[in-house]
Amino acid sequence: PKPLRLRRSFVALRITEIVAVGLLGAAVIGTVVFFQIRGAMAIRADQDLWERGAVGRHVQAEGFRRDSSFILHSYRLRVSFFDAEGRPHSKSIIFETVFSSARRNGPPEVRYDPEDPSNFALSWAVESSGGRWTGVVFASLFWGIGGLFLWAARRLKRRLDAARSA
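Keep in mind that what you see is a predicted model, and the values were worked out from it rather than measured.

Caption draft 1: Broad picture of the packing of helix α1 (residues 8-52) against helix α3 (residues 129-138). It is the contact of α1 with α3, at a shortest axis distance of 9 Å, that shows an interaxial angle of 160°. Taken together, the axis directions place α1 and α3 in an arrangement best described as roughly antiparallel. When the axes of α1 and α3 are compared, the crossing they make is left-handed. Taken together, the residues of α3 that come into contact with α1 (itself represented by Q36, G39, A40, A42, I43, R44, D46 and Q47) are S129, R132, W133, V136 and V137.

Here's what the structure looks like:
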């Protein structure tokens, strides 16, 4: 028996679905990977700078913490300090912790790059590296969501192929 001919509009719609669902899955995975890499690089940069940086003086950190349930804690802080030459520096920083709050043991401290004082690490962020790394790992759960979309796209493709050969 000869296969039935499918309407072009049916095939076009199915292909559009496959592409849309597949792109959505790829976008989810790509976004997660981007944020994981960016987060890991920021944590490592803070840790490296903390080990080799110059100590800032008269450090102030002001801002707020936003909690999403008990899982995610997001910190938006304005950090000000003076370098070794007495020049003032100020910059906003953002960091997140997962399943733990930032450790704010004592007053804030800063270590900065002497060649670029706008590049600095805040003690509260460095001391919270564990919760920050947990966030990088926790984001891996979202790979599963992207994977589900890719799986769904593959399933839709198989159904189209089955319809074409029926």
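Caption draft 2: Geometry of the sheet that holds strand β3 (residues 72-82). Taken together, the three strands give an open sheet; going across it, the order is β2-β3-β4, and neighbouring strands pair in antiparallel fashion. Only two strands of the sheet have a single partner each, and these edge strands are β2 (57-68) and β4 (88-98). Each neighbouring strand pair of the sheet contributes to a mean axis angle of 15°, computed without reference to strand direction. Pairing between β2 and β3: ten bridges, direction antiparallel. When the sheet's bridge partners are listed, S68 is paired in β3 with L72.

Caption draft 3: Looking closely at the nonpolar core. With 15 residues, the main nonpolar core has L77, V79, I93, F95, V110, F120 and L122 as its most contacted residues. Elements with a minimum of two residues in this core: β2, β3, β4, β5 (110-113), β6 (116-122) and α2 (123-127). Ranked by residue count, the leading element in this core is β3, at four residues. With sequence-adjacent residues up to four places away left out, V110 is seen in contact with W50, A54, V55, G56, V59, V79, F81, F120, A121 and L122.

Caption draft 4: Up close: the sheet that holds β5. What the three strands build is an open sheet, ordered β1-β5-β6; its pairing is antiparallel. Strands with a single pairing partner mark the edges of an open sheet, and in this sheet they are β1 (54-55) and β6. Where β5 meets β6, four bridges bridge the pair, whose relative direction is antiparallel. Pairing of D113 across the sheet is with D116, part of β6. Contacting β1, β5 and β6, α1 runs over the sheet at an angle of about 105° to β6.

Caption draft 5: Seen up close, the layout of surface pockets. Reported here for the largest pocket is a volume of approximately 1,000 Å³. If you trace the largest pocket, you find 35 residues lining it, with F35, R38, G39, F95 and E96 closest to the centre. Where the lining of the largest pocket is concerned, the elements lending two or more residues are α1, β3, β4, β6 and α3. Per-element accounting of the lining of the largest pocket gives the leading share, twelve residues, to α1. For the lining of the largest pocket, the residue count by class is 20 nonpolar, eight polar and seven charged.

Caption draft 6: Highlighting the environment of F95. Among the structural elements, F95 can be located in strand β4. The buried category is assigned to F95, whose relative accessible area is 3%. When the C-alpha positions of F95 and R159 are compared, they lie 44 Å apart, and in sequence the two are 64 residues distant. Those residues within four positions of F95 in sequence are excluded, and the remaining contacts are H73, S74, Y75, L77, A102, W124, A125, S128 and R132.

Conventions used here
- Residues numbered from 1 in each chain as written.
- Predicted model: local features only at pLDDT ≥ 70, side-chain atom pairs only at ≥ 80, totals over all residues.
- Heavy atoms only, no water.
- Axes fitted to C-alpha atoms, helices over the stretch in contact; angles between N-to-C directions.
- Helix = DSSP H or I, 4+ residues; strand = E, 2+ residues; numbered from the N terminus.
- Parallel < 35°, antiparallel > 145°, perpendicular 65-115°, else oblique.
- Left-handed = near helix turned anticlockwise from the far one by under 90°.
- Contact = heavy atoms within 4.5 Å.
- Pairing = 2+ DSSP bridges.
- Core = buried A, V, L, I, M, F, W, Y, C linked by side-chain atoms within 4.5 Å.
- Buried < 20%, exposed > 50% of the residue type's maximum accessible area, 1.4 Å probe, protein only.
- 1 Å grid on protein atoms, 1.4 Å probe; cavity = no way out; pocket = protein on both sides within 12 Å on 5 of 7 lines; lining within 4 Å.
- Points joined across faces, edges and corners; volume = space filled by probe spheres on them.
- Nonpolar A, V, L, I, M, F, W, Y, C, P; charged D, E, K, R; others polar.

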